[in-house]
Amino acid sequence: RRPAPPPPHAAAPRARGARGPPRAPAAPPPEPRPTPPGPSSDGGSRPPALTALVAGVGIEIAALTVGAVLILVELLRGGSQSFGVSVFLVVFALGVGAVLAASVRGLLRGQRWARSPVATWQILQGVVAVSSLQVGVTPWVVVALVLAVVVLVLLMLRPVVEATTRDVRPAA
């Protein structure tokens, strides 16, 4: 018969011929980290501004994805005048969409890092929309500009900032 294993917090057995004091008992396993409070853990709901923010970014993700698919279809049908530009636009739109999708996930988890990529995209989108307005006013450009401004304002509202700073440890 084999001897029973020692209890988890017992001193480790000494090797034959070992000198010196016996080893200290093994440390207890670390406590699991508490999960940050969220809508499901504290019974509360997320702020309406955060919900509106996520919806606005979701619209942008959908628009980027649809735009990438349309350009890809045009490219595959041979309607594109520049292969390289079309490929770049598809990769860029899908990449920005992926970053925004990851940011939405971070915002919903209350992580503050997620605000930065969203804010950066809103500024870039706003600058491009204003530049496009100088050429001519189209409904899509106006919608892009309004959406960028609304999402950027929502991103800076106190309830959204408070809801997305849960990953910061309070000062002791």
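Structure's up top.
The notes below deal with the structure included here. (Residues numbered from 1 in each chain as written. Predicted model: local features only at pLDDT ≥ 70, side-chain atom pairs only at ≥ 80, totals over all residues. Heavy atoms only, no water.)

Two elements in contact, helix H1 (residues 48–76) and helix H3 (residues 115–135), have axes separated by 12 Å at closest approach and are oriented at 65°. Viewed along their axes, H1 and H3 form a crossing whose handedness is left-handed. When H1 is examined against H3, the residues Val57, Glu60 and Leu64 are found in contact with a partner set consisting of Val118, Trp121, Gln122 and Gln125. Along the lines of polarity and charge, the residues of the contact of H1 with H3 split into four nonpolar, two polar and one charged. (Axes fitted to C-alpha atoms, helices over the stretch in contact; angles between N-to-C directions. Helix = DSSP H or I, 4+ residues; strand = E, 2+ residues; numbered from the N terminus. Left-handed = near helix turned anticlockwise from the far one by under 90°. Contact = heavy atoms within 4.5 Å. Nonpolar A, V, L, I, M, F, W, Y, C, P; charged D, E, K, R; others polar.)

A few words on a nonpolar patch on the surface. Residues Val85, Phe88, Leu89, Phe92, Leu124 and Val128 make up a contiguous nonpolar surface patch of roughly 520 Å² in combined accessible area. Sorting the residues of the nonpolar patch by element identifies helix H2 (83–108) and H3 as the ones contributing at least two each. No other element matches H2, which puts four residues into the nonpolar patch. Owing to a relative accessible area of 46%, Val85 belongs among the partly exposed residues under this scheme. (Patch = residues over 30% accessible without salt bridge, like charges linked within 9 Å, V, L, I, M, F, W, Y side chains within 5 Å. Areas by Shrake-Rupley, 256 points an atom, 1.4 Å probe, with all protein chains shown as cover. Salt bridge = Lys/Arg side-chain N within 4 Å of Asp/Glu carboxyl O. Buried < 20%, exposed > 50% of the residue type's maximum accessible area, 1.4 Å probe, protein only.)

One pass over the full model with this rule turns up two aromatic pairs. A network of ring pairs unites the aromatic residues Phe88, Phe92 and Trp121 as a single cluster. (Phe/Tyr/Trp six-rings, centres within 6.5 Å; stacked < 30°, edge-to-face > 60°.)

Here Arg115 is to be found in helix H3. When sequence neighbours within four positions are dropped, the list of residues in contact with Arg115 reads Leu107, Leu155, Val161, Thr164 and Thr165. For Arg115, the side chain forms a polar contact with the side chain of Thr164, separated by 2.7 Å. (Polar contact = N/O pair within 3.5 Å; in protein donor to acceptor, adjacent residues only side chain to side chain.)

Let us now look at the environment of Ser80. Here Ser80 is to be found in the loop between H1 and H2. Not counting residues up to four positions away in its chain, the partners in contact with Ser80 are Glu74, Leu75 and Ser86. At 3.1 Å, the side chain of Ser80 and the backbone oxygen of Ser82 are in polar contact. Of note is the side chain of Ser80, whose polar atom sits 2.5 Å from the side chain of Ser86.

The next subject is the packing of H1 against helix H4 (residues 139–156). Two elements in contact, H1 and H4, have axes separated by 9 Å at closest approach and are oriented at 145°. When the axes of H1 and H4 are compared, the crossing they make is left-handed. Facing H1, whose interface residues are Ala49, Ala52, Leu53, Gly56, Val57, Ile59 and Glu60, H4 presents Leu147, Ala148, Val151, Leu154 and Leu155. Classifying every residue of the contact of H1 with H4 by side-chain character gives 10 nonpolar, one polar and one charged.

Topologically, Ser86 is positioned in helix H2. Polar side-chain contacts of Ser86 include one of 3.1 Å to the backbone oxygen of Ser82. Not counting the four nearest positions on each side in its chain, Ser86 is found in contact with Ile71, Leu75 and Ser80.

To continue, consider H3. With 21 residues, H3 extends 31 Å between its outermost C-alpha atoms, agreeing within 8% with the 30 Å of an ideal straight helix rising 1.5 Å per residue. The complete set of buried residues in H3 reads Arg115, Val118, Ala119, Trp121, Gln122, Gln125, Gly126 and Ala129. One face of H3 carries all of its buried residues, which in axial projection span an arc of 160°. Away from the buried face of H3 by more than 90 degrees, exposed residues Thr120, Ile123, Val127, Gln134 and Val135 are located. Residues of H3 that are buried in the fold lie against H1, H2, H4 and helix H5 (158–163). (Expected span 1.5 Å × (residues − 1). Arc of directions from axis to C-beta.)

Once that is clear, we can look at the side chain of Gln125. Tracing the backbone shows Gln125 in helix H3. If near-sequence neighbours (up to four positions away) are discounted, Gln125 is found in contact with Glu60, Ala144, Leu147 and Ala148.

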